[in-house]
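So you can see what is in the structure, the chains are spelled out below.
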Amino acid sequence: MTTTTATTEMRPARIHLMRFPLLVVLLVGLGACQTTDTTRLANVQVSFATQAPAPSAARLALGDTIIENGNTLVIIRAEIVLREVELKRVEAADCQGNDACEKFATGPVLVDLPLGPGAAQRFALDIPPGTYDQVEFDIHKPGDDDPADLAFLQAHPDFAEISIRVQGTFNGTAFTFTTDMNVEQRLSLSPALVIIDETSSTNLTILVELAAWFRDEDAALINPALANMGGVFESIVRNNIQQSMRAFEDDHDDGADD
């Protein structure tokens, strides 16, 4: 891999945190990889969505309610802990210690996923022009062996050893689903995100399809309480979570891949 380094002084990219009622965020050690050109920066926003703009026939328009085959799953809240949220340039193999990646957050950060149709903005970053073909981040289980994790847990003590928490009801009975999964997610951008110059401004959406999480091998709805750690559906739901995410350029900032 050949990298051309500009002669200008390197400095971190500028990061903006967008504040929304649904977002609870602690950024510890926010930073960005050094870039090769600090004079030409374009703005990219990152949004999250759990549904496309129009709800499917199986869902109600408000919240995240799924009614199928006599079962009703209502998701009231879904939270996920992320770390190392990065955009990868096409020339980089991955973002492990690589200056060809731009960081939105080092983290850990707690993202309260928006429910219902559409997207909600969570991060913004000024980055140099280029072509970016992947979003990378960790679904992260905070522990007590890292200073950043300890600072995060001071604000969110109920997330010790937990990376995801979902609350709601299944057939009218309340549940709380938690998992300690600790995995890296690499989401391809196809087509790639192309930043031409400093006048560019675009939105990138990470779609997390909650409707796909709590299903068995036959895609039938299950009680999320049975997918908790040690539960009969634990491994199936963990796999569903990893497979439920994709990322795409979203110029309309509405959660639609168009």
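This text goes with the structure placed above it.
Throughout what follows, the structure given in this document is the object of discussion. (Residues numbered from 1 in each chain as written. Predicted model: local features only at pLDDT ≥ 70, side-chain atom pairs only at ≥ 80, totals over all residues. Heavy atoms only, no water.)

A closer look at the overall build of the protein chain
Okay, so step 1: The helix and strand inventory of the protein chain stands at 2 helices and 13 strands.
Okay, so step 2: Residues classed as buried in the protein chain amount to 50% of the 258 residues present.
Okay, so step 3: A separation threshold of at least 6 residues defines the contact pool for the protein chain, and within that pool the share at least 24 residues apart is 75%.
Okay, so step 4: Approximately 11600 Å² of the protein chain is accessible, and the part contributed by carbon and sulfur atoms is 49%. (Helix = DSSP H or I, 4+ residues; strand = E, 2+ residues; numbered from the N terminus. Buried < 20%, exposed > 50% of the residue type's maximum accessible area, 1.4 Å probe, protein only. Contact = heavy atoms within 4.5 Å. Areas by Shrake-Rupley, 256 points an atom, 1.4 Å probe, with all protein chains shown as cover.)

Some points on the side chain of Arg-215
Okay, so step 1: The topology assignment puts Arg-215 in the loop between strand S12 (201-208) and helix H2 (234-243).
Okay, so step 2: Overall, the relative accessible area of 13% leaves Arg-215 in the buried class.
Okay, so step 3: At 2.9 Å, the side chain of Arg-215 and the side chain of Glu-68 are in polar contact.
Okay, so step 4: A polar atom in the side chain of Arg-215 sits 2.8 Å from the backbone oxygen of Ala-219.
Okay, so step 5: In this view, Arg-215 contacts Ile-66, Glu-68, Ala-220, Leu-221, Ile-222, Ile-236 and Asn-240; residues no more than four positions away in its chain are not counted. (Polar contact = N/O pair within 3.5 Å; in protein donor to acceptor, adjacent residues only side chain to side chain.)

Digging into H2
Okay, so step 1: Every buried residue of H2 is listed here: Glu-234, Ile-236, Val-237, Asn-240 and Ile-241. With its buried residues spanning 165° around the axis, H2 presents them on a single face. Away from its buried face by more than 90 degrees, H2 exposes Ser-235 and Gln-243. (Arc of directions from axis to C-beta.)

Some words on the state of the cysteines
Okay, so step 1: As enumerated under the stated definition, the model contains 1 disulfide in all.
Okay, so step 2: A sulfur-sulfur distance of 2.2 Å marks the disulfide that ties Cys-95 to Cys-101. What sets the handedness of the Cys-95 and Cys-101 disulfide is the S-S torsion sign, and at about -90° it is left-handed.
Okay, so step 3: Under the relative-accessibility criterion, Cys-95 is labelled buried at 6%. (Disulfide = S-S within 2.5 Å.)

So, the packing of aromatic side chains
Okay, so step 1: Counted according to the given criterion, the structure contains 4 aromatic pairs.
Okay, so step 2: For the pair Phe-177 and Phe-214, a centre-to-centre distance of 5.1 Å together with 80° between the ring planes defines the contact as edge-to-face. Separated by 37 residues along the polypeptide, Phe-177 in strand S10 (residues 173-179) and Phe-214 in the loop between S12 and H2 bring together distant segments of the chain. Each member of the pair, Phe-177 as well as Phe-214, is classed as buried.
Okay, so step 3: Pairing Trp-213 with Phe-214 gives two aromatic rings, centres 6.2 Å apart and planes at 75°, and the pair type is edge-to-face.
Okay, so step 4: Looking at Trp-213, the relative accessible area reads 0%, which means it is buried.
Okay, so step 5: Aromatic ring contacts, followed pair by pair, group Phe-175, Phe-177, Trp-213 and Phe-214 into a single cluster. (Phe/Tyr/Trp six-rings, centres within 6.5 Å; stacked < 30°, edge-to-face > 60°.)

Let's talk about the environment of Ile-76
Okay, so step 1: Among the structural elements, Ile-76 can be located in strand S4 (residues 71-89).
Okay, so step 2: For the pair formed by Ile-76 and Thr-65, sequence separation is 11 residues and the distance between their alpha carbons is 8.7 Å.
Okay, so step 3: Leaving out residues up to four positions away in the same chain, Ile-76 has contacts with Leu-115, Gln-167 and Gly-168.

Examining unusual backbone geometry
As a rule of thumb, non-glycine residues mostly have phi less than zero, and peptide bonds are mostly trans rather than cis.
Okay, so step 1: Between Gly-107 and Pro-108 the backbone carries a cis peptide bond, its omega angle lying at 0°.
Okay, so step 2: Within the element layout of this structure, Pro-108 appears in the loop between strand S5 (101-105) and strand S6 (109-112).
Okay, so step 3: With an omega of 5°, the peptide bond running from Ser-190 to Pro-191 counts as cis.
Okay, so step 4: Looking at the secondary structure, you find Pro-191 in strand S11 (residues 183-195).
Okay, so step 5: Residues other than glycine seldom take positive phi values, yet Ala-219 does so here, at roughly 70°.
Okay, so step 6: Topologically, Ala-219 is positioned in the loop between S12 and H2.

Remarks on the pattern of salt bridges
Okay, so step 1: The final tally for this structure, using the stated rule, is 15 salt bridges.
Okay, so step 2: With a closest N to O distance of 2.9 Å, Glu-68 and Arg-215 form a salt bridge. One end of the pair, Glu-68, is in strand S3 (residues 64-68); the other, Arg-215, is in the loop between S12 and H2, and 147 residues separate them in sequence.
Okay, so step 3: We note a salt bridge from Glu-161 to Lys-141, for which the minimum N-O separation is 3.5 Å. Of this pair, Glu-161 sits in the loop between helix H1 (147-155) and strand S9 (164-170) while Lys-141 is found in the loop between strand S8 (130-139) and H1, placing the two residues 20 residues apart along the sequence.
Okay, so step 4: Among the residues examined, Glu-161 registers a relative accessible area of 39% and is labelled partly exposed.
Okay, so step 5: Take Lys-141: its relative accessible area is 25%, and that puts it in the partly exposed class.
Okay, so step 6: Within the structure, one salt-bridge network assembled from shared partners comprises Arg-77, Glu-79, Asp-112, Asp-158 and Arg-165. (Salt bridge = Lys/Arg side-chain N within 4 Å of Asp/Glu carboxyl O.)

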